[in-house]
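Working through the structure, step by step
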Amino acid sequence: MKYIYLLLALFCMAGCKDIKKNKEQEVIRVSVLRGPSAIAFAQWMGTPPVIDGKTVSVTLADSPDIIQAALIKKETDIAALPMISAVNLYNKGVDYPLLGCPVWGTLYLVGRDNPTDKKVLHLFGAGTTPDILTRYYLDINGEEYALNYSFGTAREIMQALLIGKAQTAVLSEPFVSMALRKDNTLHILADLTNPANNSALGFPQTAIVYNTVLKNETVIIDSLLQSSCRFVEEHPEDAIRILEEHQVFAPGMLTVESLKRCRIHYLTANDACDATKSFLRLIEQYEPKAIGGKVPESFIP
């Protein structure tokens, strides 16, 4: 009898594993970084789409490291993360190519008209996108600042601006809008994702990558992502409500204006090819190690 019970227990355990595996196969797992990237997925959070009989499940991550770990372990099917992080991983052999780009803005130079420390610019993320785009902007516009990295996050910089510890700084949305609402002496001094002040969409700061097992579904996924990004553009109040309900942002953090300043607009990898290559060549010029030393040709299908 002991052997029979043992066999039954083993069969139950095997059956539970099969059930769990089958449930995982019925879901398309999407990992999204909490912040502006998540705005593009508001519609998916509100009404999860179904692709080839599989429900799309969006999971939020608080740091790129969490998403990178999920990609390395192949525990996610689709992921949205900073472009430079996605390329760096790809160069290390993590085979998740580019599906498309949903976020083209978010970074701005903010300050006062007559700052007391005119030659000091506070920014965050040394060696990352905010730092690189800041240096690029200063170079092409011939502006000189002493770069100060003493504050680690955009939130810390916003607080420093509000209490007068910083006069000029680089901020990302939604902290730009929050700072402007709380202190009317602060202004946007420059758009770092459109440094030439032309009609360009911006830089593809965010990448959406995918597991190649979904290759046959990329057309429908692209279509659904385009729909989700249009939803933000056409129904910003509804998008804000969904994002607050899912605790992506605290109530009051987002406004219609802050959504506009994030430039949520989906382009497929093919349509964003030239812009992506140009952006990566810029990163390679300023901080090659940020993308693993080179621009991988096969990253963009």
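Residues numbered from 1 in each chain as written. Predicted model: local features only at pLDDT ≥ 70, side-chain atom pairs only at ≥ 80, totals over all residues. Heavy atoms only, no water.

1. Side note on the overall build of the protein chain
For the protein chain, the count of helices and strands is twelve helices and twelve strands. Going through the 301 residues of the protein chain one by one, you find that 50% of them count as buried. Surface summary for the protein chain: the accessible area is close to 14,700 Å², and the carbon and sulfur share equals 53%. (Helix = DSSP H or I, 4+ residues; strand = E, 2+ residues; numbered from the N terminus. Buried < 20%, exposed > 50% of the residue type's maximum accessible area, 1.4 Å probe, protein only. Areas by Shrake-Rupley, 256 points an atom, 1.4 Å probe, with all protein chains shown as cover.)

2. Remarks on the sheet that holds strand β3 (residues 54-61)
An order of β2-β3-β1-β4-β11-β5-β12 is seen for the seven strands of this open sheet, with the pairing classed as mixed. Each of the sheet's edge strands pairs with one partner strand only, and the pair in question is β2 (50-51) and β12 (264-268). Pairing between strand β4 (residues 78-82) and strand β11 (residues 206-210): five bridges, direction antiparallel. The partner of P82 across the bridge, within β11, is T206. Running over the sheet, helix α4 (residues 64-72) touches β1 (27-33), β3, β4 and β11 and is turned about 140° from β4. In this fold helix α5 (residues 83-91) packs onto β4, β5 (98-103) and β11, with an angle of close to 115° to the strand it touches most, β4. (Pairing = 2+ DSSP bridges. Contact = heavy atoms within 4.5 Å. Axes fitted to C-alpha atoms, helices over the stretch in contact; angles between N-to-C directions.)

3. Quick look at the packing of helix α6 (residues 129-141) against helix α12 (residues 273-286)
Two elements in contact, α6 and α12, have axes separated by 10 Å at closest approach and are oriented at 85°. One element, α6, and the other, α12, form an angle in the roughly perpendicular class. Where α6 approaches α12, its residues T129, I132, L133, R135, Y136 and D139 are matched on the opposing element by F279, L282, I283 and Y286. (Parallel < 35°, antiparallel > 145°, perpendicular 65-115°, else oblique.)

4. Things to note about the packing of aromatic side chains
Throughout the structure, instances matching the rule amount to five aromatic pairs. Each ring, one from Y136 and one from F203, has its centre 6.3 Å from the other, and the planes form 70°; the classification is edge-to-face. Remark: F203 occurs in the loop between β10 (186-191) and β11 and Y136 occurs in helix α6; sequence separation between them is 67 residues. Look at Y136 and you get partly exposed, because its relative accessible area is 22%. According to the relative accessible area criterion, F203 is buried, its value standing at 12%. Plain terms: the ring middles of Y136 and Y286 are 6.2 Å apart, the flat faces sit at 85° to each other, and that makes the pair edge-to-face. Residue Y136 is found in helix α6, and its partner Y286 is found in helix α12; the two are separated by 150 residues along the sequence. The rings of Y136, F203, F279 and Y286 are connected pair by pair, giving a single aromatic cluster. (Phe/Tyr/Trp six-rings, centres within 6.5 Å; stacked < 30°, edge-to-face > 60°.)

5. Considerations on the pattern of salt bridges
Evaluation of the coordinates by the stated rule reveals eleven salt bridges. A salt bridge links E173 to R261; the nearest nitrogen and oxygen atoms lie 2.7 Å apart. Taken together, the residues E173 in the loop between β9 (168-172) and α8 (175-182) and R261 in helix α11 (residues 256-261) connect sequence positions 88 residues apart. Note on accessibility: E173 and R261 belong to one class, buried. Of the charged contacts, one joins D191 and R263 as a salt bridge, the two residues approaching to 2.3 Å between their closest N and O atoms. Here D191 is found in strand β10, whereas its partner R263 is found in the loop between α11 and β12, with 72 residues between them in sequence. (Salt bridge = Lys/Arg side-chain N within 4 Å of Asp/Glu carboxyl O.)

6. Digging into the pairing of β12
On β12, burial follows the alternation: I264, Y266 and T268 on one face are buried, whereas H265 and L267 on the facing-out side are not. In this sheet, β12 lies alongside β5 in antiparallel orientation, the contact comprising three bridges. Paired with V103 across the two strands is I264, which belongs to β12.

In short, the description is geometric, and any link to function would need to be established separately.
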